[in-house]
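Descriptive structure summary
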Amino acid sequence: MSKLRGMRGILASSIGVTCAAALALPLAPPAAGASSGGVVASAGAVGSSASSASSAGVRADVPGSTQSLPLRPLTHDRASGAVLGLTPRTVRTFSLLGVVWDDPSADLRGRVQVRTREAGTGEWTDWQDLETHYTQDGADPDSSEAASGKARGATAPLWVGESDGVEVRVLPTAGEPDDADPVDTGSGEGVSGDAGEVSTLPAGMRLDLVDPGEAEAGESAGGAEPVERGEGAEPAEGAEPAEGAEPPEGAEPAGPAGPAEGAEPAEPAGPAGPAEGAEEPRTGVMTAAAKAASAANSALVPLGATRIPSLTAEETREELVTLRGTELTEQQQAKPYIGPRPAIVTRRGWGADESLREKSFVYTSTVKAAFVHHTASGNNYSCSQVPSLIRGFYRYHTRSLGWRDIGYNFLVDKCGRIYEGRAGGVAKPVKGAHTMGFNSKTTGIAVIGSYGSKKPSSKAVKAVARLTAWKLGLHGMNPKKKTSLTSGGGNLYAKGKKVKMKVISGHRDGFNTSCPGGKLYKKLSTVRSKAAKYQGR
C-alpha cells in the first residue's frame, strides 16, 4: 500500500510539473524538426520571443534562449544504475547545457552524463560527464547576491556546439543521505543496489539547454591573435621555473587605499583620452544598460568600444598615475611595479545582452589576490567560437543559476585572448562570484576549458600572467608574495578566519574543489614567475 501511495504521489507530481511546463510554452509553432515530445520552455528564463526582446530593449540580433526540461524517473536503465534523466529527444537548437536544481547549498552526490546530437550531421556523441561541484564558484554566503533568493544549484556548463538532440542520465553514488530532499523514484525501478544505499538527490532537477544567440556583425572577438605592444621594453623571457618551486615569503607592499566595500569608487578626475590605437566607438544603437557597461571603461576606451588595446610598459605606468595617482604611495609613484596592459575584449566585443544582468555594479575596496579557475566546460571549441561560449556562460549564470551577472571577472581562451567578464570596468575592483568565501578584495580569472587531465596552452598561461601582472599591479601587489584574506565562509575556511594566500592562487586554495584542474594548477608557479617579470621585479 505504501508503494502504491508513493507511485500515486509521483504520478501527481509529474502531472503537475508537466501542466505547469505546458503553460509556460510560447504560443507559437515549435521549431522545425521538433518531436511531438516537445520542448519545455523555462518559465521566466526564456528570452527568445521577439516581443519580450523588444520590450526589454534587447538587440534582435542577439536573442539567445534557455530551454528547461524537468528530469524524470528512469525505469529502463537498470544496467547503468541511473534513476533520473531524459530519454533521447529532439529539441530546439542549443550549444551549451547544464543540470540545475532548487537549493544552491545541496550537493549532487553522483554522476551526471549527457550525450547530444550534432545539428549538422545528425550523429550522436558518446556519453560525457558534467562537473557536478560548481556552485562553489558562486557568491559569498553573506552577500546580497547569495541572499537574493534567486540562486540555484547546478553542474558546470558543457559546451557541445550546435545540437538539436539530447539524452541525460543521473547516477547517484552510494553513501549516507545528505540534507538535500530525496528524489522519490516511485517503484524504485532503475536503481542499482538497495534503495537505502543510494544517496539522495537534490530536488527540482532539470536540464537547461542554452542557445547563446548570434553576435552583431563585427563584434566577434575571433580572428588575429593578440599582439603585444612594446614587447622589447619588457623583461626578457627566461626559462620557466620547475613546477612547485616558490619564491621565499616576504611582506607584501602596501596597497593603495580603495573605496569602501560595496561602494563604487570615484571616477578619476580628468582622465587622459584613450590610448593610441584604441578602437573607435560603435555607432549602433545602445541600450541604457549597454551604455553603462561600456562607460565603466571610459577612462580606457571610447564608449561602445569592442576592444581595449594593449599598452607598452611606459604607457601603462602613465595610465596608472592617471587612474590612481592620488592613491599611490611615494614609492609606487617613483617606481611602479605594473605589467603592460594587455588587450582585452570588452563585453560589447563578445556580444553581451546587458538586459540579463542586474543594473547596478558592485565593487570591493581593492584587489589583493587573483584566483585562477577553469570553466570545466570541455575543450572542444575553436577560438572563433569563444564569444558564443561566453554568452552561453553569461546566460547560464544569470538565467539558470540566478546570479546577478557572469561570475568571473575575466576569461582567457586557449589562443591567449582575454575577455572582460562581470560588468563594472576592467580597471576597477569589481566584486565577482567565483570563489565562495573569498570574493572580497580579489579578482577571478577563468581559463576556458577543462584542465584536470589536459595541459593548458602556453598562450593561455602567458595571457593569465600578463593579465595578473597588470591587474594586481594596479593595486601594488607582488605576484610572488602572499597576502592575508578573511574568509566569508566556505567548506575549507570558516567565516571570519584570516588566511595567508598566495597573491596568485588557484580556486582550490580557497575552497575544497578540484578547480582549476590539476594540470592548470601546476602552471600557477609559472604564472607567478612570469607576472613578476612583466611587472619589472
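Everything numeric here is computed off the predicted structure, so don't read it as measured data.

Rules and cut-offs
- Residues numbered from 1 in each chain as written.
- Predicted model: local features only at pLDDT ≥ 70, side-chain atom pairs only at ≥ 80, totals over all residues.
- Heavy atoms only, no water.
- Buried < 20%, exposed > 50% of the residue type's maximum accessible area, 1.4 Å probe, protein only.
- Helix = DSSP H or I, 4+ residues; strand = E, 2+ residues; numbered from the N terminus.
- Pairing = 2+ DSSP bridges.
- Salt bridge = Lys/Arg side-chain N within 4 Å of Asp/Glu carboxyl O.
- Contact = heavy atoms within 4.5 Å.
- Polar contact = N/O pair within 3.5 Å; in protein donor to acceptor, adjacent residues only side chain to side chain.
- Disulfide = S-S within 2.5 Å.
- pLDDT = per-residue confidence, 0-100.
- Patch = residues over 30% accessible without salt bridge, like charges linked within 9 Å, V, L, I, M, F, W, Y side chains within 5 Å.
- Areas by Shrake-Rupley, 256 points an atom, 1.4 Å probe, with all protein chains shown as cover.
- Lys, Arg positive; Asp, Glu negative; His and termini not counted.
- Charge placed at Lys NZ, Arg CZ, Asp CG, Glu CD.
- Expected span 1.5 Å × (residues − 1).
- Phe/Tyr/Trp six-rings, centres within 6.5 Å; stacked < 30°, edge-to-face > 60°.
- Lys NZ or Arg CZ within 6 Å of the ring centre and 35° of its normal.
- Axes fitted to C-alpha atoms, helices over the stretch in contact; angles between N-to-C directions.
- Parallel < 35°, antiparallel > 145°, perpendicular 65-115°, else oblique.
- Left-handed = near helix turned anticlockwise from the far one by under 90°.
- Nonpolar A, V, L, I, M, F, W, Y, C, P; charged D, E, K, R; others polar.

**Quick notes on the pairing of strand β15 (residues 482–486)**
What you see with β15 is a clean split: T483 and L485 sit on the buried side and K482, S484 and T486 on the side with no burial. Bridge analysis of β15 against strand β16 (residues 498–502) gives five bridges, and the strand direction is antiparallel. Residue pairing for β16: K482 is matched across the bridge by K502.

**Overview of the pattern of salt bridges**
Taken as a whole and judged by the stated rule, the model has 12 salt bridges. For the salt bridge of R115 with E167, the shortest nitrogen-to-oxygen distance reads 2.6 Å. Here R115 is found in strand β4 (residues 110–118), whereas its partner E167 is found in strand β7 (residues 158–172), with 52 residues between them in sequence. The class of R115 is partly exposed, set by a relative accessible area of 21%. On the basis of relative accessible area, E167 is assigned to the buried category, the value being 9%. Notably, a salt bridge pairs R206 with D208, separated by 2.8 Å at the nearest N-O pair. For the pair R206 and D208, a shared accessibility class is recorded, and that class is buried. Here the residues in one salt-bridge network are R347, E354, R357 and D405, joined through shared partners.

**A short note on the environment of R422**
By the element assignment, R422 lies in the loop between β13 (418–420) and β14 (442–447). Overall, the relative accessible area of 4% leaves R422 in the buried class. Through-space distance from the C-alpha of R422 to that of Y394 is 9.0 Å; in sequence the pair is 28 residues apart. Setting aside anything within four residues of it in sequence, one finds R422 in contact with E145, R347, R404, D405, I406, G407, Y408, N409, V430, K431, G432 and A433. Only 3.4 Å separates the side chain of R422 from the backbone oxygen of K431, close enough to count as a polar contact.

**Structural notes on the state of the cysteines**
The final tally for this structure, using the stated rule, is one disulfide. The partner cysteine of C383 in its disulfide is C415, sulfur to sulfur 2.0 Å. Here the S-S torsion is close to 95 degrees, and the disulfide linking C383 with C415 is therefore right-handed. With C383 in the loop between β11 (369–374) and α7 (386–400) and C415 in the loop between β12 (410–412) and β13, this pair connects stretches of sequence that are 32 residues apart. Of the residues examined, C383 reaches a relative accessible area of 9% and is grouped as buried.

**So, the confidence of the model for the chain**
For the chain, the average pLDDT comes to 77, and 68% of its residues sit at 70 or higher. Scored below 50 in pLDDT, residues 175–198 shows 45 contacts in the model against residues more than four places distant or in partner chains. Contacts for the low-pLDDT stretch residues 217–224, under 50 throughout, to residues beyond four places or in other chains number 21 contacts.

**Some thoughts on the environment of R89**
Within the secondary structure, R89 sits in strand β3 (residues 84–101). It is 9.9 Å that separates the C-alpha atoms of R89 and V168, two residues lying 79 residues apart in sequence. Excluding its chain neighbours within four sequence positions, the residues that come into contact with R89 are L69, W124, D164, G165 and V166. A distance of 3.1 Å separates a polar side-chain atom of R89 from the backbone oxygen of T87.

**Examining a negative patch on the surface**
Among the surface-exposed residues, E118, E123, E162 and E214 lie close enough to one another that they form a single negatively charged patch. Relative to the assigned elements, E214 resides in the loop between β8 (206–211) and α3 (288–295).

**Digging into helix α8 (residues 458–473)**
An ideal rise of 1.5 Å per residue puts 22 Å on 16 residues; α8 measures up with 22 Å between its terminal C-alpha atoms. Extensive coverage of α8 is indicated by the burial of 13 of its 16 residues.

**Some words on the packing of aromatic side chains**
A complete count under the given rule lists three aromatic pairs for this structure. Summarising the aromatic geometry, the rings of W350 and Y394 are spaced 5.5 Å apart at their centres and angled 80 degrees between planes, so their arrangement reads as edge-to-face. With W350 in helix α6 (residues 347–350) and Y394 in helix α7, this residue pair connects regions lying 44 residues apart in the sequence. Assigned by exposure class, W350 and Y394 land together as buried. A ring pair is formed by F371 and F438, whose centres lie 6.1 Å apart and whose planes are at 40 degrees; its orientation type is tilted. Placement of F371 in strand β11 and of F438 in the loop between β13 and β14 is noted, with a sequence separation of 67 residues between them. Considered together, F371 and F438 belong to a single accessibility category, that of buried residues. Stacked on the ring of W127, the Lys or Arg R169 has its end atom at 4.0 Å from the ring centre. Directly above the ring of Y381 sits K414, whose terminal nitrogen or CZ lies 4.3 Å from the centroid.

**Re the packing of α8 against helix α11 (residues 524–534)**
In the contact formed by α8 and α11, the axes pass within 8 Å of each other and the chain directions differ by 50 degrees. As far as their axial angle goes, α11 and α8 are oblique. In this structure, α8 meets α11 at a crossing whose hand is right-handed. Across the interface between the two elements, V461, K462, V464, A465, R466, T468 and A469 of α8 pack against T526, V527, K530, A531 and Y534 of α11. Looking at the contact of α8 with α11 residue by residue, the class counts come to seven nonpolar, two polar and three charged.

**Concerning α7**
If you check α7, its first and last C-alpha atoms are 20 Å apart, about what 15 residues at 1.5 Å a residue would give, namely 21 Å. With 14 of its 15 residues buried, α7 lies for the most part within the structure. Two residues or fewer after α7 comes G402, characterised by a positive phi angle close to 80 degrees.

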